[in-house]
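Notes for the structure review
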Amino acid sequence: MKDQMQRVNLSTVSEFVLVGLSDALEVRFLLFVLFLITYLATMAGNITILVAISTDTRLHNPMYYFLGNLSLLDILCPTITVPKMLEALLLENKVISFTGCMLQLFFLIDVVGTEIFLLAVMAYDRYVAICHPLQYTNISEEQRS
């Protein structure tokens, strides 16, 4: 009789190869410029919102506090993934380590989950403001104290 050997997969994943949208250098450079401009515009817009909210004292109320936090999360979300994508488009370094991929995934899920929770809190804040307009100021100040 033949020895029964267990078949076990002993291979491990150490890195992933990122497959891009195109192999043509001109198209990759065009995509790099397009994504970089979009990324920088996103950063500039959200930083402007954060500066406006922090410098204008009239905007120091719960809704603008939530919008400031949303802007911060909107800065973090693309910052987690876009730099590696830009690197892959420009430098032809299309490899990401398994650890790097898992860290990106963890932080992206964390930031997106936080953003969803924040949007739910913002919706509740608007609900209270609309359904109890005369009591909203007292309710929101009670929460801050």
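Along each chain, residue indices are assigned from 1 in the same order as the chain's sequence is written. In keeping with the model being predicted, local features are shown solely for residues with a pLDDT of at least 70 and side-chain atom pairs are shown and tallied solely at 80 or more, while totals for entire chains, interfaces and linings include all residues. With hydrogens and water excluded, all non-hydrogen atoms of the structure serve as input to the side-chain values.

**A look at the packing of aromatic side chains**
Think of it this way: a Phe, Tyr or Trp ring, Trp meaning its six-membered ring, pairs with another when their centres are within 6.5 Å, and the plane angle makes it stacked under 30 degrees, edge-to-face over 60, tilted otherwise. If you walk through the whole model with that rule in mind, you get five aromatic pairs. Aromatic pair Tyr-65 and Phe-66: ring centres 6.0 Å apart, planes at 55 degrees, arrangement tilted. The rule is simple: take the accessible area with a 1.4 Å probe, protein chains only, and divide by the maximum for that residue type; under 20% is buried, over 50% is exposed, in between is partly exposed. Overall, the relative accessible area of 56% leaves Tyr-65 in the exposed class. Since its relative accessible area comes to 14%, Phe-66 is described here as buried.

**Examining the layout of surface pockets**
Both site types are read off a 1 Å grid over the protein atoms alone. A 1.4 Å probe that fits but cannot get out defines a cavity, while an open set with protein on both sides within 12 Å along at least five of seven lines defines a pocket; lining residues have an atom within 4 Å of a point. Grid points are joined across faces, edges and corners, and a volume is the space filled by probe spheres set on the points. Counted as a void, the second largest pocket has a volume near 240 Å³. Around the second largest pocket sit 14 residues that line it, and Leu-18, Val-19, Lys-84, Met-85 and Ala-88 are the ones nearest its centre. Contributions of two or more residues to the lining of the second largest pocket are made by helix H1 (25-55) and helix H2 (62-91). Take the lining of the second largest pocket: its biggest share by element is five residues, from H2. Each residue gets one of three labels, nonpolar for Ala, Val, Leu, Ile, Met, Phe, Trp, Tyr, Cys and Pro, charged for Asp, Glu, Lys and Arg, and polar for the others, Gly among them. Of the residues that constitute the lining of the second largest pocket, the class distribution is eight nonpolar, three polar and three charged. Secondary structure elements follow DSSP: runs of H or I of four or more residues count as helices, runs of E of two or more count as strands, with numbering from the N terminus.

**Topic: a nonpolar patch on the surface**
Residues enter patches when their relative accessible area tops 30% and they take part in no salt bridge; the joining distance is 9 Å for like charges and 5 Å for the nonpolar side chains Val, Leu, Ile, Met, Phe, Trp and Tyr. In this description, accessible areas are obtained by the Shrake-Rupley approach with a 1.4 Å probe, and a residue is regarded as covered only by the protein chains that are shown. Definition used for salt bridges: Asp or Glu carboxyl oxygen within 4 Å of a side-chain nitrogen of Lys or Arg. A surface patch of nonpolar side chains, about 440 Å² in accessible area, is lined by Val-13, Phe-98, Met-102, Leu-105 and Ile-109. Looking at the secondary structure, you find Val-13 in the segment before strand S1 (15-17).

**Thoughts on the packing of H2 against helix H3 (residues 98-131)**
Describing two packed helices takes the angle between their axes plus the distance from one axis to the other. The axes used here are C-alpha line fits, helices contributing only the stretch in contact, and every angle between their N-to-C directions lies in the interval 0 to 180 degrees. Following both chains from N to C, one finds H2 and H3 inclined at 160 degrees, their axes separated by 10 Å at the closest point. Considered as vectors, H2 and H3 are oriented roughly antiparallel to each other. Pair H2 / H3 crosses with left-handed handedness. Looking at the contact of H2 with H3 residue by residue, the classes come out as 17 nonpolar, four polar and five charged. Roughly parallel covers angles under 35 degrees, roughly antiparallel covers those over 145, roughly perpendicular covers 65 to 115, and oblique covers all other angles. Each crossing gets its handedness from the near helix: less than a right angle anticlockwise from the far helix is left-handed, clockwise is right-handed.

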